[in-house]
Amino acid sequence: MNPDNINLYQSVTVLSTAGTEAIVDGDVTDVGFDVMELALDSWSNLRGFITTDSESPIWGTDTILETKQYDLHLFYSPAETDLLFESTSNTGQMKELREVVVEDSEELRRVDGGQLSRVLQSLENPKYRVTGMTNTSIASGSQPGYKAYYGDDVQGAVHHSDARNYAHGHTLATFESDEETVTRGVSSGKAKVWSNSKASIEELKQWCDSLVERLTADTESGIQNLESLDPGDPVDCFAASPFAVTLHPKLAGTPIEIAGDNIADDTTVKPDLTIETDVAASSDSLTAVMRFEEIDLEVSCSYDLAADSWGGEISDFEVATGGPRRRSGWMDGDEFLEEHPPVFFLENGEIIIGGKQHSSETDLSRFDPATFTATSSPDWGEYIQEGADEKPDWYNSDNEGTLANRWENNDPSTVFEALVRWLMERRDLDEYVLFCDDEGGEAADFIEFCVDERDINLYHCKGGYSAGVSLGRFKDIYQQTVRSLRYVDKMKLVDHVDKRRTPGTLQHFICGEKQYDELKAEFNPATWDYTIYGVNPGFRTDFDPESGTQSHRNVGRLLSECVEQVDQCNAEFKLLDWNDSW
């Protein structure tokens, strides 16, 4: 085939080869499809391939019908640069080709959004036709996971307040060049740059050369007129000791499956990530432990901040999200953590996500934890002993079908029982719903509908602690609270309850099942007020996070982050704490 006859859309993914030995000179072997290399010898540092594969039509996957599928793949690494441009019509095949064509390919990294933004900086009077923004925290009814503005010039639609929740997603702009209107787009998350025109392979190469000038320019990062959305500063070491790490908020409530040796198929887990040892300021790496309580498994994970890469034992496992029906596709454990970067909390108040540092919104000198104590709280001493367990022994699968009666018939001895007794003593049960949602995939331990007040309250409980202040007393509540935000202002909450109310399971109505059936018939999530409660009779809020111990400052920072994320979703966060009960 004559390469001069090929015309393709100008669209490339931009990878960084800095610090690697990446060379595009490998042989094409051991791939699961036929490959033909294009004769591009006259262009240095450029290789092209056409692949052939067979696939069935969408409507005929269970038939013998197959058609041939041809795809084009180009690799271009301009001389004396640390960049690799890839153009492809099949990303899955491109990944396989890269592994054999590019030496040291596992060390390649997508260029970050800051560097990519320079592609749009030099444009003369750009008009933004599309501005897309990706949620950096967690999606809710009031804060979608992704939002985009479309129009002739939409830059004015993006507000400074959007920077609290959103970073650049994709941007499409038009500008005048040599009396011609040109379109250029960038996607920060996918490291893609594209134009609206077709080109020959030679023209695509020249276009990439012009992008090199912009990508390597010595200018500040940021898309002009949209600078407020820039997602953090790349760092190569921790400016202060990280005291906590959590999985990315977008994973909250998302089914996660793990596969590996001696693990049953379709095993769903709720991973918990913990920093294994103290990490000093200026360190560029750390070791963490991923715990899977459901299968009694602990896995070591190593993190290199400078490269923003994960490794260790987690690489020996495969992970998928979405559950069997909406599974995203299996990936190695290290890839999973790189695709969904965990959040590191530093002792100086900064946050690191995906190798980039972000400043906290909260000034701890003005942050008083006691202001988030609920107006009305139980006197726990009337119900339970200090350090009581979280849930009763009888709350287990052996008693499915009889659990609803046990809440009133047993004297409280655990946090679960005390909370339920206290709630039911102070509510009008004629207009009241209380649903126990505890165990795998819960929206909360308890979900409360106060019909007259139009209040929905979600409770997350912890037990087993005497009164005090520590990260352990609050971290689980923080992670569970973030998980609940997926249900705020959404029909998803009643759908969730309906799916989990099956008779004979641990999830059940403690009271108000009839009232629930009546309210859900006309349920409008936007007409209810939402409060998420963290419940721990062993957690004290009478501490000063600014002038107290380092432990107090760390707890204050995590609490402030929790309050901030809930507030962004138009909900409230309150604590049912020790309440001077002992």
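Here the residue numbering is sequential within each chain, running from 1 through the sequence in written order. Restriction of local features to residues with pLDDT of at least 70 applies here, the model being predicted, together with a cutoff of 80 or more for giving and counting side-chain atom pairs; totals for whole chains, interfaces and linings are based on all residues. Calculation of side-chain values draws on the structure's entire complement of heavy atoms; hydrogens and water are dropped beforehand.

**Brief notes about the pattern of salt bridges**
Okay, step 1: Think of a salt bridge as a Lys or Arg side-chain nitrogen and an Asp or Glu carboxyl oxygen that are within 4 Å of each other. Summed over the entire model, instances satisfying the criterion amount to 18 salt bridges.
Okay, step 2: The partner of Arg129 in a salt bridge is Asp152, with the nearest N and O atoms 3.5 Å apart. With Arg129 in strand 7 (residues 127-135) and Asp152 in the loop between strand 8 (146-150) and strand 9 (166-177), this pair connects stretches of sequence that are 23 residues apart.
Okay, step 3: The exposure class of Asp152 is exposed, given its relative accessible area of 60%.
Okay, step 4: Asp209 is paired through a salt bridge with Lys205; the nearest N and O atoms lie 3.7 Å apart. Taken together, the residues span about one helical turn, with Asp209 and Lys205 both in helix 4 (residues 201-215) at a distance of 4 residues.
Okay, step 5: The rule is simple: take the accessible area with a 1.4 Å probe, protein chains only, and divide by the maximum for that residue type; under 20% is buried, over 50% is exposed, in between is partly exposed. Among the residues examined, Asp209 registers a relative accessible area of 26% and is labelled partly exposed.
Okay, step 6: One salt-bridge network, in which partners are shared between bridges, spans Asp498, Arg501, Glu513, Asp517 and Lys520. Put simply, DSSP H or I for four residues or longer makes a helix, DSSP E for two residues or longer makes a strand, and each gets a number counted from the N terminus.

**Quick notes on the packing of helix 8 (residues 471-484) against helix 11 (residues 550-568)**
Okay, step 1: In contact at an axis separation of 10 Å, helix 8 and helix 11 are set at 15° when each is read in the N-to-C sense. With respect to their mutual orientation, helix 8 and helix 11 come out roughly parallel. Seen from above, helix 8 lies across helix 11 with left-handed handedness. Residues Leu471, Phe474, Lys475, Tyr478, Thr481 and Val482 of helix 8 form the contact with helix 11, whose own contacting residues are Asn554, Val555, Leu558, Leu559, Glu561, Cys562, Gln565 and Val566. The axes are straight lines fitted to the C-alpha atoms, using for helices just the contacting stretch, and the angles between their N-to-C directions are given from 0 to 180°. Convention used here: angles under 35 degrees read as roughly parallel, angles over 145 as roughly antiparallel, angles from 65 to 115 as roughly perpendicular, and any remaining angle as oblique. Should the near helix be turned counterclockwise from the far one by less than a right angle, the crossing is left-handed, whereas a clockwise turn marks it as right-handed. By definition, residues are in contact when any of their heavy atoms lie within 4.5 Å.

**Looking at the sheet that holds strand 25 (residues 432-436)**
In sheet architecture, strand pairing relies on hydrogen bonds along the backbone and comes in two forms, parallel and antiparallel.
Okay, step 1: When DSSP finds two or more bridges between two strands, those strands count as paired. Strand order across the open sheet formed by 6 strands is 28-25-26-27-29-30, with mixed pairing between neighbours. The open sheet has two edge strands, strand 28 (508-511) and strand 30 (572-576), and neither has a second partner. Taken over all neighbouring pairs, the strand axes of this sheet differ in orientation by 25° on average, direction set aside.
Okay, step 2: On the sheet, helix 8 packs against strand 27 (455-461), strand 29 (529-535) and strand 30 and is oriented at approximately 145° with respect to strand 27.
Okay, step 3: Sheet strands in contact with helix 10 (residues 513-520) are strand 25, strand 26 (446-450) and strand 28, and its direction is about 105° off that of strand 25.

**Brief notes about helix 11**
Okay, step 1: With 19 residues, helix 11 should reach 27 Å at 1.5 Å per residue; the first-to-last C-alpha distance of 27 Å fits that figure.
Okay, step 2: The buried fraction of helix 11 amounts to 14 of the 19 residues, a majority that puts the element mostly inside the structure.
Okay, step 3: Where helix 11 terminates, the next one or two residues include Asn570, which has phi positive at roughly 60°. Helix span, as expected, comes to 1.5 Å for every residue beyond the first.

**Brief notes about the side chain of Lys462**
Okay, step 1: As for its placement among the helices and strands, Lys462 is situated in the loop between strand 27 and helix 8.
Okay, step 2: Under this definition, polar contacts are N or O atom pairs within 3.5 Å; protein pairs additionally need one hydrogen-donor-capable and one acceptor-capable atom, and for neighbouring residues in sequence, both atoms have to be side-chain atoms. At 3.1 Å, the side chain of Lys462 and the side chain of Asp476 are in polar contact.
Okay, step 3: In this view, Lys462 contacts Glu390, Val415, Asp476, Ile477, Val535, Asn536 and Pro537; residues no more than four positions away in its chain are not counted.

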